[in-house]
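Working through the structure, step by step
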Amino acid sequence: MSAPASLTASSFKRLTIKIGSALLVDADTGQLRQKWLESLCADIAELKTAGIEVLIVSSGAISLGRRLLDLTGETLSLDQSQAAASVGQIALSQAYRDALNAHGVVTGQILVTPNITEQRRHFLNARTTINTLLGLGAVPIINENDSVATSEIRYGDNDRLSARVATMIEADGLILFSDIDGLYTAPPHLDPTAEHLSVIEKITPEIEAMAGGAASHLSRGGMVTKIEAAKMAVNAGTAMVICKGDDLHPLKSLFAGGKHSFFVASKTPRAARKNWIMASIPTGRVDIDAGALTALQTGKSLLPIGVTKIDGQFQRGDAIAIFDQTNIEVARGLANFDAADAQSIVGRRSHEIVEILGPVNRTELVHRDNLVLTSEDVKEPAI
């Protein structure tokens, strides 16, 4: 999708909307911003009347639950956060159900953990469930399952989760509501000369450098994670919008000409499997030399002889990130060996691998069919 001359609701057919804790929960009282939620759901009902499918990725469970459990005013341990999420998730689901039901809209709740989008079978099952809900006219409400997720395996923020979900269901638009009206050349609260960027055609290193940190204590996200989300989304063919969301009727305001930043979707999006690989959370890191980089850029597999260093504890089939000599991630792929075996064959030629590990099915560390360049745009049938 190219940047529309005027962003309207009709620009999209299927929208994923990400809502952060700071928008849903009052920072002073810890209570739900009821009128804001009701206005948002009124906007969503109007979109659905216009034939637009809507999916929500929402934070807020921990923020609501900590007040209900009288855990305000303190830093929560992991156990307390999980308990707060368990209590808050019920309150959050009820709030969405009631606010949307007032407009005759049915909701469905899906709690996800990283394996749902990282493992292919779970990925396909989740996609089918969400698509079925959308096809039946419901609005799915999705959140990370904070009541069981640990600090080691959690997504860490709902910006990137929303991008994974949006690309999983092939949404043509992703809206990230924020406390700021888009991307600036510098943090505007620190630099009064910062310029607002209304359209981002391509996410370059310069664009990434413009991102700042999170400002709200209720949110784990920030502009950095929004740029990461944008990279996932646009490479999969999903346009992304960052806009201010704290006023009433935020969707109506956006489509009436509200200030925003529009990230243009790739015209040649990665196919479903390659996008899934790129969206997977790496459990290992591989550094490569210049020869290996050239091989990858010409469509070849990653061989151990071109590897200079391996970090992480990964198993065969896990996603690993591949970095060049300048410490830039150039590719992501699925490992053919676990970490211990991979370490033992770093820098080795193919015939040496058999001598070290014995008979193996493949000698590539990552086969080209399971590898995606970070700058790659491909077209192939969805799996």
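Residues numbered from 1 in each chain as written. Predicted model: local features only at pLDDT ≥ 70, side-chain atom pairs only at ≥ 80, totals over all residues. Heavy atoms only, no water.

1. Some remarks on the pattern of salt bridges
What counts, and what does not: Take a side-chain nitrogen of Lys or Arg and a carboxyl oxygen of Asp or Glu: if they are within 4 Å of each other, that pair is a salt bridge. Secondary structure elements follow DSSP: runs of H or I of four or more residues count as helices, runs of E of two or more count as strands, with numbering from the N terminus. For every residue, the accessible area (1.4 Å probe, protein chains only) is compared with the maximum for its type, and the residue is labelled buried under 20%, exposed over 50%, or partly exposed between those bounds.
Under the definition given, this model contains twelve salt bridges. Here lysine 252 and glutamate 46 are joined by a salt bridge, their closest N and O atoms 3.4 Å apart. A residue pair is termed long-range when its members are at least 10 positions apart, and lysine 252 in helix H10 (residues 250–255) and glutamate 46 in helix H2 (residues 34–49) qualify at 206 residues. Classification of lysine 252 as partly exposed rests on a relative accessible area of 41%. For glutamate 46, a relative accessible area of 46% translates into the label partly exposed. For glutamate 329, the salt bridge identified is with arginine 332, shortest N-O distance 2.8 Å. What emerges from the salt-bridge pattern is a single network uniting Lys18, Asp159 and Lys226.

2. Concerning helix H9 (residues 223–235)
Side chains of residues three or four places apart in an α-helix project in the same direction, reflecting 3.6 residues per turn. Our working rule: One less than the residue count of a helix, multiplied by 1.5 Å, gives the span that helix is expected to have.
Taking 1.5 Å of rise per residue, the 13 residues of H9 would be expected to cover 18 Å, and the 18 Å separating its terminal C-alpha atoms lies within 8% of that figure. Of all the 13 residues making up H9, ten are buried; the element is thus mostly covered by neighbouring parts of the structure. Within the span of H9, buried status applies to Met223, Thr225, Lys226, Ile227, Ala229, Ala230, Met232, Ala233, Val234 and Asn235. One or two residues past the end of H9 sits glycine 237, with phi positive at roughly 90°.

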